[in-house]
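Breakdown of the fold
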Amino acid sequence: AEYWRLLAQFRLDKDDYRSAAGALEISYAVKPPDKNKNWEDLADLYAYLNAPLKVAGTLVNALKGIKANDSKFLQLAEFYSRAQRFDAAIAYIDKMIAAEKTAKLLLEKGKIQYDAGRTKAAIAAWEDCIEADAKEGECHILKGFGEWDLRDWDAARTTFEGALKLKEYRLQAEDAIAVLEDLESAKYDPDSPDNPKSVR
């Protein structure tokens with residue numbers, strides 16, 4: 001283990017980060033480190049190499065014995081999501097939510113579900129987010145666009161109207177409502193060039 005650790009340091013000194021990561025991984029497989037920070041350092045190295053699945057796998061070792069409400073679990077979920085291992089990402093988010101249900105976690109859960117193409121599940125998470133904290137404006141905006149994706153125009157409008165009360169997201173909500181109103185006008189205006197049923 002010591003040999004591979006020294007080799008990893010040599011590779012780092014030569015800026016050969018990929019080989020350094022491989023050497024460290026072998027060192028830790030031979031003799032797992034006593035400190036979680038060693039695993040976190042290896043995870044940082046994999047993050048630099050843009051290897052999200054390797055980061056996630058390494059962080060799993062770093063989080064052994066740590067309570068699920070630690071913010072590092074959220075980091076782990078984010079890297080699983082980047083690696084498109086969405087079920088694993090959701091599983092870790094759900095562990096955190098079980099420990100402490102917060103608007104921030106529900107917001108992130110919705111984002112992961114949306115990235116996975118599960119729009120209805122994302123909307124459900126954002127609904128829970130708004131219920132947990134109605135002032136979490138990003139949940140309103142994202143939920144509105146999720147409903148937009150599903151072409152549930154009335155629900156989207158209602159959600160965006162809820163965001164009008166929140167100063168930081170008011171302009172986004174106003175723009176979205178304006179577009180919805182334009183769509184509604186085009187839908188019923190027989191002379192509109194944007195209307196697919198137009199005779200023009």
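Let me begin by describing the structure that accompanies this report. (Residues numbered from 1 in each chain as written. Predicted model: local features only at pLDDT ≥ 70, side-chain atom pairs only at ≥ 80, totals over all residues. Heavy atoms only, no water.)

**Considerations on the state of the cysteines**
Here is the idea: a disulfide is a covalent bond, and it sits between the sulfur atoms of two cysteines. As a reminder of what qualifies: Counting rule for disulfides: a pair of cysteine sulfur atoms within 2.5 Å. Put simply, DSSP marks the helices as runs of H or I at least four residues long and the strands as runs of E at least two long, and each gets a number from the N terminus on.
Within this structure, the stated rule accounts for 1 disulfide. In this model C129 forms its disulfide with C139; the gap between the sulfur atoms is 2.0 Å. Residues C129 and C139 are joined through a disulfide that is right-handed, its torsion about the S-S bond being 85 degrees. Of this pair, C129 sits in helix α8 (residues 119–132) while C139 sits in helix α9 (residues 137–149), placing them 10 residues apart in sequence.

**Describing the side chain of T119**
How we decide: For the exposure calls, accessible area comes from a 1.4 Å probe over protein chains only, and a residue counts as buried if that area is under 20% of its type's maximum, exposed if over 50%, partly exposed in between. In what follows, residue pairs with any heavy atoms lying within 4.5 Å of each other are defined as contacts.
Here T119 shows up in helix α8. The class of T119 is buried, set by a relative accessible area of 15%. Setting aside its immediate chain neighbours within four residues, T119 contacts Y114, G146, D149 and L150.

**With respect to the packing of helix α5 (residues 71–82) against helix α7 (residues 103–115)**
For the record, the criterion: Axis definition: a line fitted to C-alpha atoms, limited for helices to the stretch in contact. Angles are taken between N-to-C directions and run from 0 to 180 degrees. Each angle is binned into one of four classes, with values under 35 degrees roughly parallel, values over 145 roughly antiparallel, values of 65 to 115 roughly perpendicular, and all other values oblique. Only Asp, Glu, Lys and Arg are considered charged in this grouping, and only Ala, Val, Leu, Ile, Met, Phe, Trp, Tyr, Cys and Pro are considered nonpolar; every other residue, Gly among them, is considered polar.
At their nearest, the axes of α5 and α7 sit 11 Å apart, and the two run at 10 degrees to each other. The angle between α5 and α7 falls in the class roughly parallel. Each of L74, A77, E78 and S81 in α5 lies in contact with α7, whose residues at this interface are K104, L105, E108, I112 and D115. Of the residues that constitute the contact of α5 with α7, the class distribution is 4 nonpolar, 1 polar and 4 charged.

**Side note on the nonpolar core**
Let me state the cut-off plainly: The set of buried Ala, Val, Leu, Ile, Met, Phe, Trp, Tyr and Cys residues whose side-chain atoms join them within 4.5 Å is what this entry labels a nonpolar core.
In terms of nonpolar packing, the biggest core is built from 39 residues, with L42, L59, L76 and I112 touching the most fellow members. Elements with a contribution of two residues or more to this core: α2 (17–30), α3 (36–48), α4 (52–62), α5, α6 (86–99), α7 and α8. For this core, the element with the most residues is α6, which contributes 7 residues. Dropping the residues within four chain positions of it, L59 is found in contact with A43, Q75, L76 and F79. W148, A173, I177 and L180 belong to the second-largest nonpolar core, a separate cluster that totals 10 residues.

**Considering the side chain of T159**
Considering the arrangement of structural elements, one finds T159 in helix α10 (residues 153–163). Overall, the relative accessible area of 7% leaves T159 in the buried class. When neighbours within four sequence positions are excluded, T159 is seen to be in contact with H140, K143, G144 and E147.

**Observations regarding the pattern of salt bridges**
Cut-off, in case you're wondering: What makes a salt bridge here is a side-chain nitrogen of Lys or Arg within 4 Å of a carboxyl oxygen of Asp or Glu, nothing more.
The full count for this structure, using the stated rule, is 10 salt bridges. The residue D87 makes a salt bridge to R118 at a minimum N-O spacing of 2.8 Å. One end of the pair, D87, is in helix α6; the other, R118, is in the loop between α7 and α8, and 31 residues separate them in sequence. Connected through shared salt-bridge partners, E108, K111 and E138 make up one network.

**Side note on the packing of aromatic side chains**
What counts here: A pair of aromatic rings is counted whenever rings of Phe, Tyr or Trp (Trp by its six-membered ring) have centres within 6.5 Å, and the orientation is called stacked for planes under 30 degrees apart, edge-to-face for over 60 and tilted otherwise. When the NZ atom of lysine or the CZ atom of arginine is within 6 Å of a ring's centre and also within 35 degrees of its normal, the charge is said to sit over that ring.
This structure, assessed with the given rule, holds 10 aromatic pairs. Note on Y3 and W4: the rings are 5.3 Å apart at their centroids and 80 degrees apart in plane angle, and the pair reads as edge-to-face. Aromatic pair W148 and W153: ring centres 6.0 Å apart, planes at 80 degrees, arrangement edge-to-face. Of the residues examined, W153 reaches a relative accessible area of 29% and is grouped as partly exposed. Within the aromatic cluster, the residues linked to one another by ring pairs are F145, W148, W153 and F160. For R82, the ring lying beneath its charged end belongs to F79, and the centroid distance is 4.5 Å.

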